[in-house]
Amino acid sequence: MLTGKERLRTAFRCEAVDHVPWVPFVGCHGGALLGLTATDYLKSEQRLIEGVEAAIARYQPDGIPVVFDLQIEAEVLGCELNWADQTPPSVRNHPLALGHPLEALRIPTPECGRIQVALAAANELCRRHPEVAFYGLVTGPFTLALHLLGTDIFMKMFDAPDYVGRVMGFCRDVCSALSGYYLDAGCPIVAMVDPMTSQIGPDQFREFVLPFATPVFEHIRQRGGLSSFFVCGHAQQNVDAMCDCRPDNISVDENIPLQYVRDVCLPRGISFGGNLQLTSVLLLGKPLDAQRNALACLEIGGERGFVLAPGCDLPYATPPQNLEAVAQVVLDPYQREVVKASVAERSDDDRLDMREYGQADKVIVDIITLDSEACAPCQYMVDAVKQVSPEFEGIVVWREHKIKYRESLVFMTSLMVRNVPTICIDGEIRFVSRIPPRDQLIAAIQDRINEKFRMKIARRKASLYVLGDGGPECQELVQRCERAVAELGADARVSTRTDPAVIASYGVAPVQTPAVVMARYVLKSTRRIPEVAIIKEWLKGDQ
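Now for a look at the structure at hand. All values reported here derive from a predicted model rather than from experimental measurement.

With that out of the way, let us pick up the overall build of the protein. Per the secondary structure count, the protein includes 23 helices and 16 strands. With the C-alpha coordinates aligned to their principal axes, the bounding extent of the protein is approximately 105 × 60 × 45 Å. Within the span of the protein, comprising 543 residues, buried residues form 54% of the whole. Counted over contacts in the protein with a minimum sequence separation of 6, partners at least 24 positions apart contribute 72%. Carbon and sulfur atoms make up 51% of the accessible area of the protein, which amounts to about 23,900 Å² in all. Here the protein holds 56 positive side-chain charges and 69 negative ones, and the gap between their average locations is 3 Å.

Okay, structure coming up:
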């Protein structure tokens with residue numbers, strides 16, 4: 001029987017194992033197991049040890065992170081943090097964006113800030129549990145660069161690529177240093193976690209990430225360690241380029257099909273991991289849901305080069321019984337057969353009626369996120385909307401929908417959103433897993449405002465039909481109607497109908513003329529073909 005550490009080493013070499021390795025990414029969830037807030041948990045060496053040991057006892061993992069917090073390096077380098085009870089901290093400000101010179105930053109030492117806390121916990125955990133493969137997690141160079149520089153980095157990639165290159169070079173050196181510290185502490189695996197790479201395309205990845213990530217993986221290899229490249233979000237376009245960085249393993253979340261990653265990685269001798277669904281299954285589902293999801297991943301991943309893991313850091317409030325259920329499926333072949341034979345219990349969430357969504361006077365900007373306090377791409381997506389909202393004060397309302405809550409998951413499903421983070425404007429999906437540049441986001445919102453203005457004008461349009469024989473009385477009535485329209489400045493057209501058949505079609509008898517019929521235009525649909533049932537509802541409303 002292999003130990004967990006041996007099993008992961010074998011899987012990382014893309015060799016067959018006795019069973020697929022299981023690595024729950026326990027971060028602040030370790031605090032939940034102890035009844036502590038994420039803040040208290042992530043600041044304490046002893047509590048980190050206790051939380052990880054609690055997870056080891058309950059989930060029987062082959063490997064597990066020492067700590068999952070992508071703000072440790074940023075904090076040491078001068079970023080102020082916002083702390084929370086149920087998520088890792090988020091970055092509040094960006095030193096380089098505030099004018100601090102890059103040259104003033106220094107590579108952190110093992111004694112700096114919470115790096116010391118994490119390394120001390122790693123040392124003790126490796127000593128107590130030599131059979132477990134502890135992951136040392138380092139913030140990837142692109143995500144760390146974004147922490148230091150803010151979303152300005154996306155514009156500077158075009159306007160000042162040399163400067164961005166220098167920032168990335170510094171972040172590469174930080175990654176290499178931290179990797180060495182974790183290896184020295186006894187961690188056999190170092191995972192570079194770089195979620196913000198999901199926000200760029202393959203060309204930008206090869207220019208701004210690959211030259212700086214590759215040396216880090218080579219450094220880990222030369223030190224005798226194993227490496228993993230973590231990415232979350234809609235990053236499928238970059239998987240091939242990630243392989244070119246030459247890590248030993250690539251780990252993805254549910255936004256990327258597992259079979260796609262398998263088919264790209266295995267031919268190149270790179271193992272792969274993922275991609276249990278974090279929110280809809282592990283957080284909000286039942287144990288049987290978790291087992292079915294795990295079984296589906298196991299069947300796709302196969303027995304060679306695959307590591308079963310969540311898509312990212314486990315949500316704080318993930319029910320422990322769901323993770324214990326996953327462990328049962330991994331460790332017990334009989335349990336896998338039971339799950340296969342179980343009758344599917346499908347329970348579709350009620351979908352919201354979105355037919356009239358976006359028809360209010362104000363423009364609604366919805367940001368569908370995992371949680372902007374816990375997910376870096378989500379944080380910066382929300383920040384992008386926050387920064388432009390003052391441009392539309394009183395016209396635009398924005399709100400975040402964190403899908404770790406069931407009602408937000410239902411809302412996401414109702415809007416047909418498939419990936420997070422996503423920005424919808426008045427119910428229309430506009431930016432999927434991509435932080436829009438400021439000018440593009442402003443333009444998209446302004447387009448919707450203009451469209452609503454045109455719709456409002458269209459709804460105010462009317463026609464006045466004067467019915468009669470065209471004689472003096474009709475002419476007098478036409479003049480009065482035209483005068484009323486002119487004095488009001490209304491958007492209405494006045495015309496005469498003298499054909500008896502047309503007059504009769506309005507339900508007016510000849511003896512009732514001259515008469516006036518007013519017809520208003522009500523715009524009901526744009527840019528889509530409504531269902532017959534919806535058109536029926538419109539007609540009912542007008543009866």
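That covers the picture; the talk isn't over yet.
We now examine the sheet that holds strand E9 (residues 306-310). Read across the open sheet, the seven strands follow the order E1-E4-E5-E6-E7-E8-E9; overall the sheet is parallel. At either margin of the open sheet sits one strand with a lone partner, and together these are strand E1 (63-65) and E9. When the angles between neighbouring strand axes are averaged without regard to direction, this sheet yields 25°. The pairing of strand E7 (residues 249-251) with strand E8 (residues 271-276) spans three bridges and is parallel. Within E8, the residue paired with isoleucine 250 across the bridge is phenylalanine 272. Relative to strand E4 (residues 133-139), helix H7 (residues 141-149) is tilted by about 45°, and along the sheet it contacts E4 and strand E5 (189-193).

Moving on to the pattern of salt bridges. Here the idea is simple: oppositely charged side chains can pair when their charged atoms come close. Enumeration according to the criterion identifies 28 salt bridges in this entry. Among the salt bridges present, the one from aspartate 240 reaches arginine 206, with a minimum N-O distance of 3.3 Å. Placement of the pair is aspartate 240 in helix H12 (residues 239-244) and arginine 206 in helix H10 (residues 202-208), with a sequence separation of 34 residues. Residue class for aspartate 240 comes out partly exposed when judged on its relative accessible area of 34%. Residue arginine 206 is classed as partly exposed on the basis of its relative accessible area, which comes to 34%. Notably, a salt bridge pairs arginine 483 with glutamate 487, separated by 2.9 Å at the nearest N-O pair. Residue arginine 483 and its partner glutamate 487 are both found in helix H21 (residues 472-488); the two are separated by four residues, about one turn of the helix.

Take a nonpolar patch on the surface next. Taken together, Met416, Ile429 and Val432 make up a surface patch of nonpolar side chains, about 220 Å² in accessible area. Position of isoleucine 429 relative to the elements: it lies in strand E13 (residues 428-432). We classify isoleucine 429 as partly exposed; its relative accessible area is 33%.

Within a regular beta strand, the side chains point alternately toward one face of the sheet and then the other, so they alternate between its two faces. When strand E12 (residues 422-425) meets E13, the two strands line up antiparallel, connected through four bridges. By the bridge assignment for E13, isoleucine 423 is matched with phenylalanine 431. Count of turn residues in the E12/E13 antiparallel hairpin: two residues, of which aspartate 426 carries a positive phi of about 50°.

A word on the packing of helix H6 (residues 113-128) against helix H9 (residues 161-184). Between H6 and H9, the least distance of the axes is 9 Å, while the angle of their chain directions is 30°. Here H6 lies roughly parallel to H9, going by the angle between them. Facing H6, whose interface residues are Ile115, Ala118, Leu119, Ala122 and Asn123, H9 presents Leu178, Tyr181, Tyr182 and Asp184.

This part takes up unusual backbone geometry. Here the residue pair threonine 513 and proline 514 is connected by a cis peptide bond, since its omega of 0° sits within 30 degrees of zero. Secondary-structure assignment places proline 514 in the loop between helix H22 (500-505) and strand E16 (515-520). Phi at arginine 246 is positive, roughly 65°, even though this residue is not glycine. As for its placement among the helices and strands, arginine 246 is situated in the loop between H12 and E7.

Considering all chains together, one arrives at nine aromatic pairs under this definition. Between tyrosine 135 and phenylalanine 230, the aromatic rings sit 6.4 Å apart at their centres with planes inclined by 45°, giving tilted as the arrangement. Separated by 95 residues along the polypeptide, tyrosine 135 in strand E4 and phenylalanine 230 in strand E6 (residues 226-230) bring together distant segments of the chain. Through successive ring pairs, a cluster of aromatic residues spans Phe25, Phe68, Tyr135 and Phe230.

Moving on, we get to the state of the cysteines. A complete count under the given rule lists zero disulfides for this structure. Just so you know, cysteine 126 is unpaired, no disulfide at all, and the nearest cysteine sulfur is the one on cysteine 187, 4.3 Å from it.

Within the largest apolar cluster, 162 residues are counted, with the highest numbers of intra-cluster contacts made by Phe134, Tyr135, Tyr182 and Leu308. Apart from the residues lying within four places of it in its own chain, the contact partners of tyrosine 135 are Leu8, Phe12, Val23, Gly63, Ile64, Pro65, Val66, Cys187, Ile189, Ala191, Phe230 and Val307. The next biggest cluster of nonpolar side chains, apart from the first, holds seven residues, and it includes Val466, Cys474, Val485 and Val494.

Let us look at helix H13 (residues 258-265). Because each turn of an α-helix spans 3.6 residues, side chains separated by three or four positions end up pointing in the same direction. Of the residues making up H13, those classed as buried are Leu258, Val261, Val264 and Cys265. An end-on view of H13 places all buried positions within 130° of arc, on one side of the element. At its buried positions, H13 is contacted by H12, E7, E8, helix H15 (287-301) and E9.

So, on to the sheet that holds strand E15 (residues 492-497). With mixed pairing, the three strands of this open sheet are ordered in space as E15-E14-E16. Across the chains shown, the open sheet's two edge strands, defined by having one partner strand only, are E15 and E16. Taken over all neighbouring pairs, the strand axes of this sheet differ in orientation by 20° on average, direction set aside. Both strand E14 (residues 462-467) and E15 contribute to a ladder of six bridges, which runs parallel. Bridge pairing in E15 links alanine 462 to alanine 492.

Here is what the cut-offs are and how they apply
The residue numbers shown here count from 1 along each chain, following its written sequence. At least 70 in pLDDT is required for a residue's local features to be given in this predicted model, at least 80 for side-chain atom pairs to be given and counted, and no such filter applies to totals for whole chains, interfaces and linings, which use all residues. Neither water nor hydrogens contribute to the side-chain values; these are computed over all heavy atoms in the structure. Numbered from the N terminus, helices here are DSSP runs of H or I no shorter than four residues, and strands are runs of E no shorter than two. Each residue gets one of three labels from its accessible area relative to the maximum for its type: buried under 20%, exposed over 50%, partly exposed in between, using a 1.4 Å probe on protein chains only. In what follows, a contact means two residues having at least one pair of non-hydrogen atoms within 4.5 Å. Where accessible areas are quoted, they stem from the Shrake-Rupley method and a 1.4 Å probe; at the residue level, only the protein chains shown are allowed to cover. Positive residues here are Lys and Arg, negative ones are Asp and Glu, while His and the chain termini are left out of the count. In this description, the location of a charge corresponds to atom NZ of lysine, CZ of arginine, CG of aspartate or CD of glutamate. Criterion used throughout: strands pair if DSSP finds at least two bridges between them. To get an axis, fit a line to the C-alpha atoms, keeping to the stretch in contact for a helix; angles then go from 0 to 180 degrees between the N-to-C directions. Throughout this description, the term salt bridge denotes a Lys or Arg side-chain nitrogen within 4 Å of a carboxyl oxygen of Asp or Glu. Patches draw on residues past 30% relative accessible area with no salt bridge. Two like charges within 9 Å are joined, as are two nonpolar side chains (Val, Leu, Ile, Met, Phe, Trp, Tyr) within 5 Å. Any angle that falls under 35 degrees is termed roughly parallel, while one over 145 is termed roughly antiparallel, one within 65 to 115 roughly perpendicular, and all others oblique. Centres within 6.5 Å are what make two rings of Phe, Tyr or Trp a pair, Trp counting through its six-membered ring; a difference in plane orientation under 30 degrees is then read as stacked, over 60 as edge-to-face, and the rest as tilted. The disulfide definition used here is simple: a pair of cysteine sulfur atoms within 2.5 Å. For our purposes a nonpolar core is just a set of buried Ala, Val, Leu, Ile, Met, Phe, Trp, Tyr and Cys residues, chained together by side-chain atoms within 4.5 Å. By construction, the arc corresponds to the directions joining the helix axis to the C-beta atoms.

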